[in-house]
Structure formats: C-alpha cells, structure tokens
Amino acid sequence: MSWLTGPLQYSFMQTGAVAAVLIGATCAILGVYVVLRGMAFMGDALSHTVLPGLVAAYLLGVNLLGGAIVAGVATALGVGWLSRRQSLREDTAIGITFTGMFALGVLLMSTVSSFRDFTHMLFGNILGVTSGDLIAISILAALVLLCLFLFHKELELTSFDPTHAEVVGLRADRVRYGLLILLALTVVVGIQAVGVVLISALLITPAATASLLTKSLPRMMLLSAAFASASGLAGLYASYYLNVSSGAAIVLSCTALFIAVSILGSLPTPKATG
Amino acid sequence: MNSVGEIGGASFASVPFPTPGSRSGAKRIASRLPVFSYAGGRHADPVPDAAALAVRSLRASHPGMEHPALDGVSLRIPSGTRVALVGPNGSGKSTLLKAVVGLLRPESGSILVHGNPVGACHHRVAYLPQRGEIDWRFPINVRKLVMTGRYVHLGWLKRPGREDHELVHDILARLGIEDLSSRQIGQLSGGQQQRALLARSLAQGSDLLLLDEPLAAVDAETREKISAVIRELWESGKTIVTATHDLESLSSDFDAAFYLREGREAAPEAEAFTGIPLR
C-alpha cells in the first residue's frame, strides 16, 4: 500500500487529494440535476464561458476565481434572458453565448506572449492547487452543497413537474436561474481539477453512471459523488506516477467507470431464484 | 377522515373583506401580494359568501397563437357544487382550468377564487393536470410525489412533518395505492399514475379542485376509485370542476354542465343536461 500512502507525505499531494474529493463531490451532486433536467449542453457552455473571465482577471491582476464567477453568472443570466421570449430556442441561445464568450477568451489569451500560463486554465492541474486555492474551493463547495440541501424540495419539484410548482406559486423559472448560478459556481470550483474544456465531464459522467444504478434521487447523488471523488483521486495518482495531465486522467477515470457500469448493466441478469 | 381540507389550517373565519366581485378590492389584494407567494402562511383568506369560482369575460391566448383560446367566457360556480366543463378537443376546457390556476395569464376579464384573485390563495385550489405534463422518468417515488401536494403549506426551507407523512399515508390508502408507495413513479400503470396525481391533489387539502380529464384512458378499477373519491370530496363540501368528454354520466355525476366550443360558451343541444344555472 505504500504506493498509495507514500505520495501523501508531500503537502501538494494532500492538498490535491482533498481538492479532488471536494471538487468531485460538488460537481457530481449538482451534476445529477444537470443530467435529470437535460442541461448537459448548458453545463458545457457555462464552463467554456468562464474562460474570458479567467483571462481578464489574470490580465488585470485580480483574483481569478472572482473573474470566473462574474463571467459564469453573467452567462447563466444572459442565456436565460435571451431564450425568455421563446423567439429563440434555448439551445440556440446557449450556442451563441458560449462560442462568443469562448472566442473572447481565446482572443484575450492571444494578446499575452506566454500562452503556457493558460494551459492549467484550459486543462486543469490538480497537483498545482495551493492551500489558498483549497480554501476558496472549500468555501464555494460548501456554499453550493448548502444551497442544494436547503432547496432540495424546490429543485426536485421544478425538475419533474414545473407545472405543479407554478400552480402552488413556486416560480420554476426563478428556481432555474438559481440552479444556473449554482452551476456557474460549481464550474469555477471544478476548473482547478480538470480545466475549462473538460469540466462538463465531471458534471455529467458520474451522474449518468449513478443514474444507471438507482432510481432514488438521494442515492443517485451519493453514488455520483463517490464515483467522481474516486475518479478525482485516481486522476491525481495517475498524474503523480505517470506524469500525465491530471484533468484528462480524472475525466478518463469517470469515463471508464461509466463504460464498466454500462457493460455490467447490459449483461443478462442471472435468473432470480424463488 | 373526510376533512382533508382543514389540515391546511385555513378556517373560514369571517375577515372583513371587500364584497365579492368588487374589482377595487381585488386590486388591493393583488398589490399586497408578495412577489414570491410560495409559502403557506401568506395566503389571503376567502371572502365570505363568494362563489368558489367566478370568471368574468375571460379572454386568454396561448403564446404564439393567433386566435384566443378563450374569448369572453363568464361563469360562476357556487361553493360545494360539481361542475362539468364539456366540449370537443381544443374548445378551451384545459385552457380555462390553466387560467384559473395561474398557468396562463388572461388578456382581459377577471377570475376570482373564493373572492380572491388568482395566486392569492394557492392552497385552496388543487389542479389535476393531464398525465403528459410530468417527467415520469424522474427518480422519485409515489409517496414523495403525493407529498409535493403539501409543499404549498410548507413553503421555503420547511420540511414535511409527522402530520404531513400521516396525511399522505392515509390518502395513499384511500386511493388504494399504499402498496405502491415506494415505487418509482414511472413504474406505475397509467391508471395508477392518475390515482397518484389525484392523491396529490387531495394532499393539498384544497376547497376547489380542478380536474382535467381525470378518467381519460384509465382502467375500470381506477375509474371506480376516482369516481368514489370525487363523490366523497363533494359530500365533504368541496367544489369540483371537471373537464370531461363523457356525456353519459353528466346528469348523475354533476350538478351542472358548462359547454364550450372554440373558446366561447356554447348553447347545449336541445336535450343536453345543464343542471343548476352557472350565472
């Protein structure tokens, strides 16, 4: 077991491990709503649109997370506003916003001579998480999880029966805005681990894997969190031992789990006795 | 246990309120309403002696449609009656129910529920939608679905208490689906789903129930169960408005029928059942 515990003597590995579990759990629990409400495209778009926020914050020398949060929340509200009148389909509104914002991010990046500084934004670097980053990640993760816990009843109802929600005076569209803001915060949390390009995998794949295994929402959230945390740790170790990109390793672990569960689930079930 | 409605804590205490139908009164109530009216404690009290439902010159359209789905509909449904909304598909039956529960904003005209404008007393109106409006694949069980009928009394942050759980348990038994309570909602038959939805309407403990085709495409057992429960509700003083295709049971199951055609009130055919006047 020394291969497992050995690396943990380094503080960057300890920080990375805690970050991997926190990020995995947060993304995966919120991701259950993303999957059940069919918001996968929105999740992908939101993650790309934080890029100009990150780059702008870097250029201005201000807090990167702050920049990302501003860009993410602005996108969440912008897409909701664009598709509000139903003259534009929501996926179209998402497509326009997401590509425009990502292009703006790339444009800003190209003004800087050393492009390398941004690779960890694009692809994540869990080994580079500092203790200051970890505090920010913890606060954001706690905030997102607390909101999910407090408003579980409303999120659940507006997900499967928005009509009833409206009938009892609960505005489904406002709950959706709230969820989009939480999604933006979650994306910002996850960027440290897997980066802008791959973060939506952390939102979708563990939740989808869990949805193959259970028909209970709380259990789905627990399983999803477990899968994502395990994938996060697997990616961390892969990155440590094999010197490969941690973000890619984390996402591939998620994908491998999904494939394994799908194959196991499609096998003919042994006949029940009795 | 025929008084589900009283669980919500709303009594008919006589509160000095404007006379029924007074438009300025309705406006004053509306201006006092909070933006977020999803909370049990903040609902308006019923106006004494007001009709359960009073609709006047209602005009409403679906977004993006040229012709109004309802055009100048007026009716007044006294408290404690059973009224059928009758008409072919697209005649505006569902639209009328949707406007009453606030899913569709009227272009003109007024709707008063127990003397209050739409949205002032959500817990007093229960709406049974057509089954297609719900995502039945969602991972939630029957008990939880029925419990969502209690949310209007709970509001933000509050969780269901022991009474809520007991009430839901009793209602599930009353509709004969207590042994399905832990099933995921997609694993029910159409008839069982319909009973679960009616159970949720009962859990809401409302005085006015709006049922959209409650007996459409259900099995015989469900039909019997639902009909019996509707009768019990009526006997306990509830007002029940049902959109229906079934013309045969009108005179036996309803006190009055309101005919709709292309969004307007239609004159019933010579021998058709009309029952008590809805004016």
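The structure this text deals with has already been given above.
Here the structure is a predicted model, which is why all the values come from computation and not from measurement.

1. Focus: the nonpolar core
With 114 residues, the main nonpolar core has Ile23 and Leu183 of chain A as its most contacted residues. In terms of residue count, the dominant contributor to this core is helix H10 (residues 172–211) of chain A (20 residues). Once you skip the residues sitting within four places of it in the chain, Ile23 of chain A turns out to touch Ile126, Ile137, Val189, Gly190, Gln192, Ala193 and Leu202 of chain A. Val167 of chain A together with Val83, Val125 and Leu208 of chain B belong to the second largest nonpolar core, which has 30 residues in total.

2. What about the interface of chain A and chain B?
It is common to report an interface's size as the accessible area lost on association of the parts. Listed by partner, the interface residues are 27 residues for chain A and 32 residues for chain B. Carbon and sulfur atoms supply 64% of the area buried between chain A and chain B, which totals about 2700 Å² over both sides. On the chain A side of the contact with chain B, Lys153, Phe160 and Val167 of chain A bury the most area, a combined 27% of that side's loss. Arg200 of chain B is paired through a salt bridge with Asp161 of chain A; the nearest N and O atoms lie 2.6 Å apart. For the interface between chain A and chain B, the tally reads 8 residue pairs in polar contact (both at pLDDT 80 or more). Of all the secondary-structure elements, those providing two or more residues to the side of chain A that touches chain B are helix H7 (131–150), helix H8 (152–160), helix H9 (162–167), H10 and helix H11 (217–242) of chain A. Per-element tally for the side of chain A that touches chain B: the top contributor is H8 of chain A, with 7 residues. The residue makeup of the side of chain A that touches chain B, split by class, is 12 nonpolar, 7 polar and 8 charged.

3. A few points about the sheet that holds strand S7 (residues 208–212) of chain B
Residues and elements named next belong to chain B. One open sheet accounts for 6 strands, arranged S6-S7-S8-S3-S9-S10; its pairing is mixed. Each edge of the open sheet is held by one strand with a lone partner, namely strand S6 (125–128) and strand S10 (264–265). Across 5 bridges, the pairing between S7 and strand S8 (residues 239–244) is parallel. Among the inter-strand pairings, Leu211 is bridged to a residue of S8, identified as Thr242. Where helix H2 (residues 93–100) meets the sheet, its contacts fall on strand S3 (82–86), S6, S7, S8 and strand S9 (256–261), and the angle it forms with S7 comes to roughly 145°. Running over the sheet, helix H7 (residues 220–235) touches S3, S7 and S8 and is turned about 145° from S8.

Quick notes on the rules
Residues numbered from 1 in each chain as written. Chains lettered and ligands numbered in written order. Predicted model: local features only at pLDDT ≥ 70, side-chain atom pairs only at ≥ 80, totals over all residues. Heavy atoms only, no water. Core = buried A, V, L, I, M, F, W, Y, C linked by side-chain atoms within 4.5 Å. Buried < 20%, exposed > 50% of the residue type's maximum accessible area, 1.4 Å probe, protein only. Helix = DSSP H or I, 4+ residues; strand = E, 2+ residues; numbered from the N terminus. Contact = heavy atoms within 4.5 Å. Buried area = accessible area lost by both parts, 1.4 Å probe. Salt bridge = Lys/Arg side-chain N within 4 Å of Asp/Glu carboxyl O. Polar contact = N/O pair within 3.5 Å; in protein donor to acceptor, adjacent residues only side chain to side chain. Nonpolar A, V, L, I, M, F, W, Y, C, P; charged D, E, K, R; others polar. Pairing = 2+ DSSP bridges. Axes fitted to C-alpha atoms, helices over the stretch in contact; angles between N-to-C directions.

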